[in-house]
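Understanding the architecture of this molecule
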Amino acid sequence: MKRSRAVSLGILGAAAFGLAACQQEEQTEAAAFPDEQSCVAAAAQGGWFTREDCAATFAEAQAVHAETAPRYESRELCEEEHGAGACGGDAVAGNSGGGSIFMPLLAGYLIGQALGGGRAMAQPVVSKAGGGFATPTGGTQLSRLNSTGKMGSTAFAKGPTTAGQPPMSRAAVASRGGFGGSAASRSVGS
Amino acid sequence: MDRITLPERQEWRAKAAELGFTFADMHGEPYWDETSAYSFTLEEVEGRIEDPCTELHAMCREAVGTVLADEALMERMGLPRLRWEFIRDSWEAGEPEVYGRFDLAYDGKGPAKLLEYNADTPTSLYESASFQWLWYEDQLAARVLPEGSDQFNRLHEALVERFAEIFPANTDLHFAAMAGAPEDYATVETMAWAAREAGMGAHYTDLEKIGISEEGQFTDADDRVIGTLFKLYPWEDLFADEFSAHLVGAQCRFIEPPWKALLSNKAILPVLWQMFPGHPNLLPSFFADDTKGLADAAHLMLAGHVTKPIFSREGASVTITAQGRVLERAENREYDRHPMIVQGYSPLPVMGGMRPVIGAWVVGETCVGMGVREDRALITQDLSRFKPHFIEG
């Protein structure tokens, strides 16, 4: 027999990798605020969220920030990523951690309309060196706060827990995007 | 070799959609087309495709050694001198190849002729290894094809065996393609399935999201260090990218290895012809500025000649000339600035109004399967159709 006895038929774009590319994600209404008061002021103008939503999502964003914000082994490294004055000591580890761990301060938060109703979704944002804001994983970036619009619902997916983990256990990344610039066309295979 | 009209599987479009084969139709035209299929005899597959392609790959390996030892030939490859040592090191270290695809002109009568070797970034792996295989099994079960028939398609199993052979169990492998190109992603994912089945850890990252760590190692979109990278991205483009300066120090193993840059390069075709003149599976080939070589070989090119850039994808910048007249000129000219080679013209057969090209897959050092693409035009381009094949019982 000159053919394979069995072949993985594959569901392209879904299953071979832990991470799938090409996923279509659902869009949801979202808004970004620097603090709870700004959210409450916006809620007073009418819209899809209430002042109660503002309070609940702000509390949740604070908790998620404490749990998932990136941790760094030095203030310098943290400030390189998040800007001067944007970092503090690890609030969770406190003084009991022994070592010194630094993390970006909470710069604001995202509130999102739950798909299919239910409680509003929350996600903290931190500032980026050079301007702008990002969710703790860096997966969603914002140019400014006090803004509203449509956003992919994955922006509200909680990032991996970093609290209690060694700071920057993954490789510290100096730069990105140095491959792909020379492709003559979108599809490069032959 | 024959082109035979066969009933389509009624449910194939639904099946393709369910499996995520999203580009079964492309540019508003069918890409996967099973209204007919190509049939071959077993003797034909083994004697005209399989054994010659295994031999061609061995000849190509020999040519790599020859080119690396000859500075004038290295110049012909159009690759930056700064990266020559990196290429040579990968060859001398014996870094193993995984896969490649020979494109052949074959008319069922004479020997198959090598048009080019997609040795670095061949695509259509999913269609060849998986969807074509499923077509055969379905048609066999439906008795459209008889018991005793077969298909030349050990591609998936051979890839699984190859990964198991060249990597220790549980090695973490990264797979990268450019974002937003579903055909490329399908090839990468098919490769990753095989790696998983071989017991490897397979991780995907968009090529553009690769980063460089402070230690100079490549990292994926999640900042994980990349130890081995399968990149569906041509070496000559990688060498021109900003990160190419980090290639040497990155402690990263690549699939395909850097020396494949010499084989996916059409400058290898004149080298092969110099080394193996008159070989039945080679077409006479010369560098375009080799006027003496071309003049001496005029009697070998009476059917015409084809001008091709040393780097090109999907027929871009190819021109076919016969009796002093341009027969066909690819509209896409984006590779015109590259050095050219001239190859004897071997017209593709015309079957059912279409011109088939055989894609013969090499895994490791052995030819293990094939796929057929056909096009109305003389130059097989990105509107070609993928056709299933079978071996007669």
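The coordinates are above.
In this report, we go over the structure that sits alongside the text. (Residues numbered from 1 in each chain as written. Chains lettered and ligands numbered in written order. Predicted model: local features only at pLDDT ≥ 70, side-chain atom pairs only at ≥ 80, totals over all residues. Heavy atoms only, no water.)

Some details on the overall build of chain B
Check the secondary structure of chain B and you find 10 helices and 21 strands. Relative to the globule expectation of 21 Å for 393 residues, the C-alpha radius of gyration of chain B, 21 Å, shows essentially globular dimensions. By the burial criterion, 62% of the 393 residues in chain B qualify as buried. Across chain B, the fraction of contacts at a sequence separation of at least 24, relative to all contacts at a separation of at least 6, is 70%. Accessible surface for chain B amounts to roughly 14,400 Å². Of this, 50% is attributable to carbon and sulfur atoms. (Helix = DSSP H or I, 4+ residues; strand = E, 2+ residues; numbered from the N terminus. Rg over C-alpha atoms; globule rule 2.2 N^0.38 Å. Buried < 20%, exposed > 50% of the residue type's maximum accessible area, 1.4 Å probe, protein only. Contact = heavy atoms within 4.5 Å. Areas by Shrake-Rupley, 256 points an atom, 1.4 Å probe, with all protein chains shown as cover.)

Here we look at the overall build of chain A
Regarding its fold elements, chain A presents 3 helices and 9 strands. In chain A, the order of α-helices and β-strands from amino to carboxyl end is β-α-α-α-β-β-β-β-β-β-β-β. In chain A, which comprises 190 residues, the share counted as buried stands at 45%. Of the contacts made within chain A by residues no fewer than 6 positions apart, 60% connect residues no fewer than 24 positions apart. Of the roughly 9,500 Å² of accessible surface on chain A, a fraction of 49% belongs to carbon and sulfur atoms.

Examining the packing of aromatic side chains
Residue and element names in this part refer to chain B. According to the stated counting rule, one finds 30 aromatic pairs over all chains in the structure shown. Aromatic side chains Trp32 and Phe131 sit 4.9 Å apart centroid to centroid with 90° between the ring planes, which places their arrangement in the edge-to-face category. Residue Trp32 is found in the loop between β3 (29-30) and β4 (36-40), and its partner Phe131 is found in helix α5 (residues 125-141); the two are separated by 99 residues along the sequence. An aromatic cluster is built from Trp12, Phe21, Phe23, Tyr31, Trp32, Tyr126, Phe131 and Phe386, whose rings are joined through pairwise contacts. Above the face of the Phe287 ring, Arg76 is positioned so that its terminal group lies 4.2 Å from the ring centre. Lying over the aromatic face of Trp361, Arg101 brings its terminal NZ or CZ to 5.7 Å of the ring centre. (Phe/Tyr/Trp six-rings, centres within 6.5 Å; stacked < 30°, edge-to-face > 60°. Lys NZ or Arg CZ within 6 Å of the ring centre and 35° of its normal.)

Quick notes on the pairing of strand β1 (residues 27-33) of chain A
Where a strand is regular, its side chains alternate between the two sheet faces. All names here are of chain A. When you tally the buried positions in β1, you get 5 out of 7 residues, the bulk of the element. Bridging between β1 and strand β8 (residues 147-152) involves 6 bridges; their strand directions are antiparallel. Bridging across to β8, Ala31 finds its partner in Thr148. Here β1 pairs with strand β4 (residues 108-112) via 4 bridges, running antiparallel. From the neighbouring strand, Ala32 faces β4, where its bridge partner is Leu110. (Pairing = 2+ DSSP bridges.)

What about the state of the cysteines?
A complete count under the given rule lists 2 disulfides over all chains for this structure. Between the sulfur of Cys78 of chain A and that of Cys87 of chain A lies a disulfide, 2.1 Å long from S to S. Disulfide Cys78 of chain A to Cys87 of chain A: torsion about the S-S bond roughly -85°, handedness left-handed. Judged on exposure class, the residue Cys78 of chain A and its partner Cys87 of chain A are both buried. For chain A, numbering the cysteines in disulfides from first to last along the sequence yields the connectivity 1-2, 3-4. This cysteine, Cys53 of chain B, is not joined by any disulfide, and Cys367 of chain B carries the nearest cysteine sulfur, 4.6 Å off. Relative accessible area serves as the criterion here: at 1%, Cys53 of chain B is assigned to the buried category. (Disulfide = S-S within 2.5 Å.)

Comments concerning the interface of chain A and chain B
In this assembly, 44 residues from chain A lie in contact with 81 residues from chain B. Across the interface of chain A and chain B, roughly 5,300 Å² is buried in total on both sides, 55% from carbon and sulfur atoms. Ranking the residues of chain A by area buried against chain B places Lys2, Phe179 and Ser190 of chain A at the top, with a combined share of 18%. Our count for the chain A to chain B interface comes out at 6 salt bridges. Between Glu50 of chain B and Lys2 of chain A there is a salt bridge, with its nearest N and O atoms 2.7 Å apart. At the boundary of chain A and chain B, one finds 21 residue pairs in polar contact (both at pLDDT 80 or more). (Buried area = accessible area lost by both parts, 1.4 Å probe. Salt bridge = Lys/Arg side-chain N within 4 Å of Asp/Glu carboxyl O. Polar contact = N/O pair within 3.5 Å; in protein donor to acceptor, adjacent residues only side chain to side chain.)

Quick look at the sheet that holds strand β13 (residues 285-287) of chain B
Residue and element names in this part refer to chain B. Spatial ordering of the open sheet is given by β13-β17-β14-β15-β16, a layout of 5 strands whose pairing is antiparallel. Of all strands in the sheet, those bounded by a partner on one side alone are β13 and β16 (325-329). The average angle at which neighbouring strand axes cross in this sheet is 25°, direction not considered. As defined by bridge partners, strand β14 (residues 305-309) adjoins strand β17 (residues 340-344) across 5 bridges and the pair is classed as antiparallel. Within β17, the residue paired with Pro309 across the bridge is Met340. Sheet strands in contact with helix α9 (residues 268-275) are β13 and β17, and its direction is about 120° off that of β13. (Axes fitted to C-alpha atoms, helices over the stretch in contact; angles between N-to-C directions.)

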